[in-house]
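Examination of the molecular architecture
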Amino acid sequence: MYKVPMKDLLYTLSAVTRLKEMQSLGKAEMASDDVITAVLEEAAKLAENSWAPLNTKGDRVPPTIKDKTVSETPGFKDAYQAYVAGGWNALTHDEAYGGQGLPWCLGMAVNEMWQSANLSLSLCPLLTQAGIEAIHSHGSQAQKDLYLAKLISGEWAGTMNLTEPQAGTDLAAIRSVATKDQAGDFYRLRGQKIYITFGDHQMTDNIIHLVLARVDGLPEGNDGLGLFIVPKFLVNADGSLGARNDVYPISLEHKLGIHGSPTCVMAYGDQEGAIAYLIGEAGKGLKYMFTMMNNARISVGLQGVALCERAYQHALAYAKDRVQGFKAGDPSGKRVAIIEHMDVKRMLMTMKAYTAATRALAYYAGSEIDVMHLHPDEEARKKAAVRVDLLTPLVKAWSTDLAVEMASIGVQIHGGMGFVEETGAAQYYRDARILPIYEGTNGIQANDLLFRKILRDKGAGLFAYIVDIAADLDKVAENTNRDIDLLRRYLRHILLDLKNVTEWLLVESKNIDRVAATAVLYLKMLSMIAGGHMMLKLAMHADQHDDAVLAAEKRQLAGYYGAAILPQVKGYVHIIMGGQDSLLSVHADFFDA
Ligand SMILES: Cc1cc2nc3c(=O)[nH]c(=O)nc-3n(C[C@H](O)[C@H](O)[C@H](O)COP(=O)(O)OP(=O)(O)OC[C@H]3O[C@@H](n4cnc5c(N)ncnc54)[C@H](O)[C@@H]3O)c2cc1C
């Protein structure tokens, strides 16, 4: 059963985020240490006692559809309502609309709990959050007044409708179309959307769909798209619910994992046309979507962290319980739990180290989002914005790729019991597999990193990050701890490689194919180095921490990361700078030979 890793969450928040700095600047003053602890402890009760016990049920009793109405997994509604009643949906949102205005990075620690406890159910508030941001950032005052308070409280849920059969990664190919209605200040939207998460359910009275559609009369391509609000039930001026809108779920997908999350095919406007309200300007829909991408992608990266944690806890419990064989070199003949075997320890250590590194990187990125919004100094805000841009694809892609890998190791630790469904280890593996796909596939994250975040500013944001990592390394130059030394030495060495590889790519940047061929490897390389930086920060914080056991653990994990994980980066360096030539000359028909 899932147990919130409270000490780790608190430790990570204080070791890698800038919460303290923001408090001292008079920002985020509500997030005192006492408040943070109280918030996390209260959330943990709901996550452990209400959400987590429903995780297997969501997998085995998935939502159903009848008469264009979806019924969610039994029990999900009560768990969701308890979440709303506790005010959890409002935690980080604008106080002007009933939010609690707490920092984003604290919200991440809380969100990690929901995601670990029940990934499928946690998708509902995650999508609502994206809708809130879209309306908050780009909606008119009237739209904010009508929708935000109920979305922020969680009384209504939100969805994001981008994908169509011919328009997945390529959103410029969207065909759904919205036509301005002569009768009023609205559009009639028609078309079909696929893969819509929580596209319908009975957990809330209303669902506010955010829909990307072509605006009738505008040109083809990105500049012809608009972002629309399409409520399931129309909302009257006084906030009460009106008529049922012409938007319906028409089928549910059968999926590899996250069975508890209804993934809907949605039909818009099959009858009179769905009533849709344009957000901001026509033609700017995609641009608006992109302004929300950082937060959404970091949130999906956090799902990866949450899955790593859950798979680790499951595997650890099994490894302590399962007795097999004898400890190597022990002549007593006493059988031991498999946790005593060195290979099982290696697997657990790898899971624990990656979970710590990805969590720290996600919280660090979340904290930079807070700085980007709240810091009184404009330069500090700008620097944070560049850092968020750089880290976002890493958090999304690295954490989610690792979630699949760690869940697979979790299955391995269970042996045959991992492959059969009974233990639950297989569910994490199946659930994890969607994470590298949605919210922009990880291949697209890598392209985003290299083309937009590295090449476009000629590496300026990356080189500034390297300077910051080097400064942290300087701080531990005299530290004699064996583990810190291991990490320091390897990190310093590999940082030089990162600089060389980046400079080389900047020179090669005209060769688009070469850059594209290396993008995923470059992302992995940079992520592992960023993870090393986070492990260093966690280990450095140990000197100020009262809990000696936890402090020692952080140092030891840092040493393991430095000596057993970071050296893999060297392989990427070689492949990026010389290993792609055979690939570059390949034509598509090569694969038919
Ligand atoms: C369970 C689930 C839930 C989802 N929830 C939602 C939701 O709520 N709302 C929503 O709108 N969508 C949702 N999606 C859709 C999801 O975001 C898309 O599946 C994803 O964006 C990829 O699009 P695609 O499936 O069409 O793959 P494709 O775009 O066809 O990609 C296939 C492969 O080609 C690669 N590829 C494509 N283009 C390029 C390129 N230019 N360069 C390099 N590689 C490329 C991709 O990386 C991928 O490996 C969901 C999907 C699933 C499965």
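Since this is a predicted model, take the numbers as computed values, not measurements.

On the secondary structure map, arginine 214 appears in strand S6 (residues 207-215). Taking the relative accessible area as the measure of exposure, arginine 214 reaches 7% and is therefore buried. As for arginine 214 and glycine 226, which are separated by 12 residues in sequence, their C-alpha atoms are 6.1 Å apart. Other than its neighbours up to four places away in sequence, arginine 214 contacts Ala172, Ile174, Ser176, Val177, Ala178, Pro219, Glu220, Gly221, Gly224 and Leu225. A polar atom in the side chain of arginine 214 sits 3.4 Å from the backbone oxygen of glycine 221.

What follows covers helix H17 (residues 512-541). Between its terminal C-alpha atoms H17 stretches 42 Å, which fits the 44 Å expected from 30 residues at 1.5 Å a residue. A maximum bend of about 45° is found in H17 at alanine 519. Within H17, 23 of the 30 residues are buried, which leaves it mostly tucked inside the rest of the structure.

Bringing the site of the ligand into the picture now. In the neighbourhood of the ligand, 19 residues make up the surrounding shell, with Thr163, Thr169, Tyr195, Thr197 and Thr441 lying closest. Between a nitrogen atom of the ligand and a main-chain N or O atom of methionine 160, the distance comes to 2.8 Å. One nitrogen or oxygen atom from the side chain of threonine 163 is found 2.7 Å from a nitrogen atom belonging to the ligand. When isolated, the ligand has an accessible area of 980 Å², and the protein chains bury 61% of it. Looking at the shell around the ligand, the elements that each hand over two or more residues are strand S3 (157-161), strand S5 (187-197) and helix H14 (442-455). No other element matches S5, which puts 3 residues into the shell around the ligand. For the shell around the ligand, a count of residues per class yields 9 nonpolar, 8 polar and 2 charged.

Attention shifts here to the packing of helix H5 (residues 76-85) against helix H7 (residues 119-138). Two measures define how a pair of helices packs: the angle their axes make with one another and the distance between the axes. Two numbers describe how H5 lies on H7: the axes approach to 11 Å, and their chain directions differ by 50°. In terms of orientation, H5 and H7 fall into the oblique class. At the point where H5 passes H7, the crossing takes the right-handed sense. Contacts from Phe76, Ala79, Tyr80 and Tyr83 in H5 reach Ser120, Leu121, Cys124 and Pro125 in H7. Looking at the contact of H5 with H7, its residues break down into 7 nonpolar, 1 polar and no charged.

On to the packing of aromatic side chains, then. Considering all chains together, one arrives at 9 aromatic pairs under this definition. Ring geometry for tryptophan 51 and tyrosine 83: centres 5.3 Å apart, planes at 45°, overall tilted. Linking tryptophan 51 in helix H3 (residues 33-51) with tyrosine 83 in helix H5, this pair joins segments that are 32 residues apart in sequence. Among the residues examined, tryptophan 51 registers a relative accessible area of 0% and is labelled buried. With a centroid separation of 5.7 Å and 65° between ring planes, the pair formed by tryptophan 88 and tryptophan 114 is classed as edge-to-face. Residue tryptophan 88 is located in the loop between H5 and helix H6 (104-117), and its partner tryptophan 114 is located in helix H6; the two are separated by 26 residues in the primary sequence. Summarising the burial analysis for this pair, tryptophan 88 and tryptophan 114 share the class buried. A connected cluster of aromatic rings, assembled from ring pairs, spans Trp51, Tyr80, Tyr83, Trp88 and Trp114.

On to the pattern of salt bridges. Enumeration over the complete set of coordinates arrives at 38 salt bridges. The residue glutamate 309 makes a salt bridge to arginine 359 at a minimum N-O spacing of 2.8 Å. Residue glutamate 309 is found in helix H9 (residues 285-321), and its partner arginine 359 is found in helix H10 (residues 342-374); the two are separated by 50 residues along the sequence. Arginine 359 matches glutamate 309 in its accessibility class, with the two residues each being buried.

So, on to the packing of helix H1 (residues 6-16) against H10. At a closest axis distance of 9 Å, the pairing of H1 and H10 adopts a crossing angle of 50°. When the axis of H1 is compared with that of H10, the two are oblique. As for the relative orientation of H1 and H10, their crossing is right-handed in sense. Contact residues: Asp8, Leu9, Thr12, Leu13 and Val16 in H1; Arg359, Ala360, Tyr363 and Tyr364 in H10.

As a rule of thumb, non-glycine residues mostly have phi less than zero, and peptide bonds are mostly trans rather than cis. At tyrosine 195, a position not held by glycine, the phi torsion is positive, near 60°. Along the polypeptide, tyrosine 195 turns up in strand S5. Within the chain, lysine 458 stands out as a residue other than glycine whose phi angle is a positive 55°. Residue lysine 458 is classed as exposed on the basis of its relative accessible area, which comes to 64%.

Time to look at the nonpolar core. In terms of nonpolar packing, the biggest core is built from 168 residues, with Leu40, Met113, Ile413, Tyr522, Met535 and Tyr561 touching the most fellow members. Among the elements that take part in this core, H17 stands out by supplying 16 residues, more than any other. Formed by 18 residues, the second largest nonpolar core is a distinct cluster that contains Leu189, Tyr268, Ala274 and Leu278.

Attention now moves to the side chain of threonine 73. Locating threonine 73 in the fold gives a position in the loop between strand S2 (69-71) and H5. Exposure remark for threonine 73: the relative accessible area of 1% places this residue in the buried category. Each residue touching threonine 73, except ones within four places of it in the same chain, is listed here: Lys57, Gly58, Val61, Pro62, Pro63 and Gly260.

What counts and what doesn't
- Residues numbered from 1 in each chain as written.
- Predicted model: local features only at pLDDT ≥ 70, side-chain atom pairs only at ≥ 80, totals over all residues.
- Heavy atoms only, no water.
- Helix = DSSP H or I, 4+ residues; strand = E, 2+ residues; numbered from the N terminus.
- Buried < 20%, exposed > 50% of the residue type's maximum accessible area, 1.4 Å probe, protein only.
- Contact = heavy atoms within 4.5 Å.
- Polar contact = N/O pair within 3.5 Å; in protein donor to acceptor, adjacent residues only side chain to side chain.
- Expected span 1.5 Å × (residues − 1).
- Bend = angle between axes of the 7 residues up to and from the residue.
- Near = heavy atom within 4 Å.
- Areas by Shrake-Rupley, 256 points an atom, 1.4 Å probe, with all protein chains shown as cover.
- Nonpolar A, V, L, I, M, F, W, Y, C, P; charged D, E, K, R; others polar.
- Axes fitted to C-alpha atoms, helices over the stretch in contact; angles between N-to-C directions.
- Parallel < 35°, antiparallel > 145°, perpendicular 65-115°, else oblique.
- Left-handed = near helix turned anticlockwise from the far one by under 90°.
- Phe/Tyr/Trp six-rings, centres within 6.5 Å; stacked < 30°, edge-to-face > 60°.
- Salt bridge = Lys/Arg side-chain N within 4 Å of Asp/Glu carboxyl O.
- Core = buried A, V, L, I, M, F, W, Y, C linked by side-chain atoms within 4.5 Å.

Everything listed is a geometric property; what it means functionally is a separate question.
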